[in-house]
Amino acid sequence: MAIKIEMLRCFCTVAQTGSLVEAADRLGRTQSAVSMTLKQLEDHLGKKLFEGERKNRLSPLGEQVFELALKQVRQFDQAVQSVEAAANALQGLIRIVSVPSVAALLFPLVLEHMTRKFPGLKVELRDTDTQQVLDAMTQGKADIGIASGYHPLNGIKAVPLFEDQFGLVSAADHPLMLKAEPLTIADVVAAPFVANALCELIRTPRFLTAVANTDVTIHNTHSLITMVRTGAWVTVLPQTVARFIPESTAFREISDLPDKREVFLYIRERSRFRELTEECSNFILRTELL
């Protein structure tokens with residue numbers, strides 16, 4: 001028996017709700033049908049996915065399968081949405097995926113420009129981390145991508161978009177923001193410091209040594225800024241982030257941290273709607289983001 005996507009969806013829903021009744025209600029199926037689907041999946045694998053009969057605790061194998069299955073279900077749903085959007089895109093379709101710090105600045109401008117110039121155009125905008133931007137481009141799920149760093153990809157052109165300086169991001173009234181003397185790496189890491197994924201782009205040895213033993217790392221930008229706003233923590237981010245962070249937070253350069261983040265525009269060379277891709281990418285390249 002082949003494992004079908006609906007079997008994985010059924011398993012993931014039960015794992016998320018911890019209840020056959022709740023899962024059946026969410027899936028619009030009977031409880032017995034959901035139970036039978038789970039049994040078929042477990043019989044195929046030859047091992048139990050849940051501990052006990054209540055379905056509220058995953059087995060060790062179940063935890064691994066859940067992580068893999070959830071990813072596949074989400075990818076499948078995104079693929080279906082893209083297929084349906086493409087089928088209904090009589091006036092064309094443009095799909096753009098970007099790192100959040102650039103998406104927040106760019107998406108409103110792109111949307112206004114493209115929909116005004118091409119009435120009836122279908123537009124898909126998605127913000128995510130750099131690796132998923134690259135994945136979307138290589139898997140044909142996006143026509144244009146914006147990501148940190150240069151990554152050569154087959155059939156995809158990479159064009160430098162801009163560079164922005166790394167610096168301190170903290171609450172606007174944090175002592176480091178009010179410090180009269182120039183700010184240094186030592187000052188930053190002496191405060192309660194939280195790392196983030198973009199810190200991996202920094203190459204200054206003094207910074208790498210100082211943050212090597214950082215205890216806290218947050219990968220979600222919104223959660224990171226929320227934590228910094230409390231005034232109890234500081235972090236280091238590129239300057240473009242300062243364009244959309246709340247007024248209660250601020251950005252300041254660090255005198256001995258010269259690193260800049262390089263942001264690249266990735267363009268699919270053989271997109272379905274080439275004219276749209278060219279117009280959109282040229283507009284992005286003309287846009288002043290700093």
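Preceding this paragraph is the structure being described.
Residues numbered from 1 in each chain as written. Predicted model: local features only at pLDDT ≥ 70, side-chain atom pairs only at ≥ 80, totals over all residues. Heavy atoms only, no water.

Q: Provide a residue-level description of the overall build of the protein chain, including the pertinent values.
A: What the protein chain contains, in helices and strands, is 11 helices and 7 strands. Along the first, second and third principal axes, the C-alpha set of the protein chain runs to 70 × 50 × 35 Å. Taking all 290 residues of the protein chain together, 45% fall into the buried category. Counted over contacts in the protein chain with a minimum sequence separation of 6, partners at least 24 positions apart contribute 71%. (Helix = DSSP H or I, 4+ residues; strand = E, 2+ residues; numbered from the N terminus. Buried < 20%, exposed > 50% of the residue type's maximum accessible area, 1.4 Å probe, protein only. Contact = heavy atoms within 4.5 Å.)

Q: Account for the packing of aromatic side chains, naming residues and giving values.
A: Counting across every chain of the model gives 5 aromatic pairs. Taking the centre distance of 6.4 Å and the plane angle of 80 degrees together, the rings of Phe11 and Phe66 count as edge-to-face. A residue pair is termed long-range when its members are at least 10 positions apart, and Phe11 in helix α1 (residues 5-17) and Phe66 in helix α4 (residues 60-88) qualify at 55 residues. Among the residues examined, Phe11 registers a relative accessible area of 0% and is labelled buried. (Phe/Tyr/Trp six-rings, centres within 6.5 Å; stacked < 30°, edge-to-face > 60°.)

Q: Any details on the nonpolar core? Residues and values, ideally.
A: Of all hydrophobic cores here, the largest spans 36 residues; its most connected members are Val102, Val110, Ile146, Tyr266, Cys280 and Ile284. Of all the secondary-structure elements, those providing two or more residues to this core are β1 (93-98), α5 (100-117), α6 (130-138), β3 (144-148), β4 (156-171), β7 (260-268) and α11 (274-286). The element that contributes the greatest number of residues to this core is α5, accounting for 7 residues. For Val102, the contacting residues outside a window of four places in its chain are Ile146, Phe162, Arg261, Val263 and Leu289. (Core = buried A, V, L, I, M, F, W, Y, C linked by side-chain atoms within 4.5 Å.)

Q: Can you explain unusual backbone geometry? Please cite residues and give values.
A: Although it is not a glycine, Lys55 adopts a positive phi angle of roughly 65 degrees. By secondary structure assignment, the location of Lys55 is in the loop between α3 (31-45) and α4. In this structure Lys55 comes out as buried when scored by relative accessible area, which is 10%.

Q: So what's going on with the pairing of strand β2 (residues 122-127)? Which residues, and what values?
A: Pairing between β1 and β2: 6 bridges, direction parallel. Bridge pairing links Arg95 to Glu124 in β2. (Pairing = 2+ DSSP bridges.)

Q: I'd like a description of the side chain of Arg261, backed by residues and values.
A: Note on placement: Arg261 falls in strand β7. At a separation of 3.4 Å, a polar atom in the side chain of Arg261 contacts the side chain of Ser148. Excluding residues within four positions of it along the chain, Arg261 makes contact with Val99, Ser101, Val102, Ser148, Phe162, Glu163, Asp164, Phe166, Leu198, Leu201, Pro238 and Thr240. (Polar contact = N/O pair within 3.5 Å; in protein donor to acceptor, adjacent residues only side chain to side chain.)

Q: Before we move on, could you go through the packing of α1 against α3 and cite the residues and values that matter?
A: Look at α1 against α3: their axes get within 9 Å of each other, and the N-to-C directions meet at 110 degrees. Looking at the two axes, α1 sits roughly perpendicular to α3. Judged by the twist between their axes, the crossing of α1 over α3 is left-handed. Residues Met7, Cys10, Phe11 and Val14 of α1 pack against Val34, Thr37, Leu38, Gln40 and Leu41 of α3. For the contact of α1 with α3, the class distribution of residues is 7 nonpolar, 2 polar and no charged. (Axes fitted to C-alpha atoms, helices over the stretch in contact; angles between N-to-C directions. Parallel < 35°, antiparallel > 145°, perpendicular 65-115°, else oblique. Left-handed = near helix turned anticlockwise from the far one by under 90°. Nonpolar A, V, L, I, M, F, W, Y, C, P; charged D, E, K, R; others polar.)

Q: Residues and numbers for the pattern of salt bridges, please.
A: Summed over all chains, the structure comprises 12 salt bridges. The closest approach of N and O atoms between Arg57 and Glu51, which form a salt bridge, is 3.3 Å. Residue classification places Arg57 among the exposed residues on the basis of a relative accessible area of 54%. By relative accessible area, Glu51 is classed as partly exposed at 35%. Via salt bridges that share partners, Glu6, Arg9 and Asp77 belong to a single interconnected network. (Salt bridge = Lys/Arg side-chain N within 4 Å of Asp/Glu carboxyl O.)

Q: Now, about helix α10 (residues 221-229): what can you tell me, with residues and values included?
A: Leu224, Ile225 and Val228 are the residues of α10 that are buried. One side of α10 holds all its buried residues, which, seen down the axis, span an arc of 95 degrees. Elements in contact with the buried residues of α10: β4, β5 (235-238) and β6 (249-253). Between the side-chain oxygen at the start of α10 and the backbone nitrogen of Ser223 there is a gap of 2.8 Å, and the oxygen is on Asn220. Immediately beyond the C-terminal end of α10, within one or two residues, lies Gly231, with a positive phi of roughly 90 degrees. (Arc of directions from axis to C-beta.)

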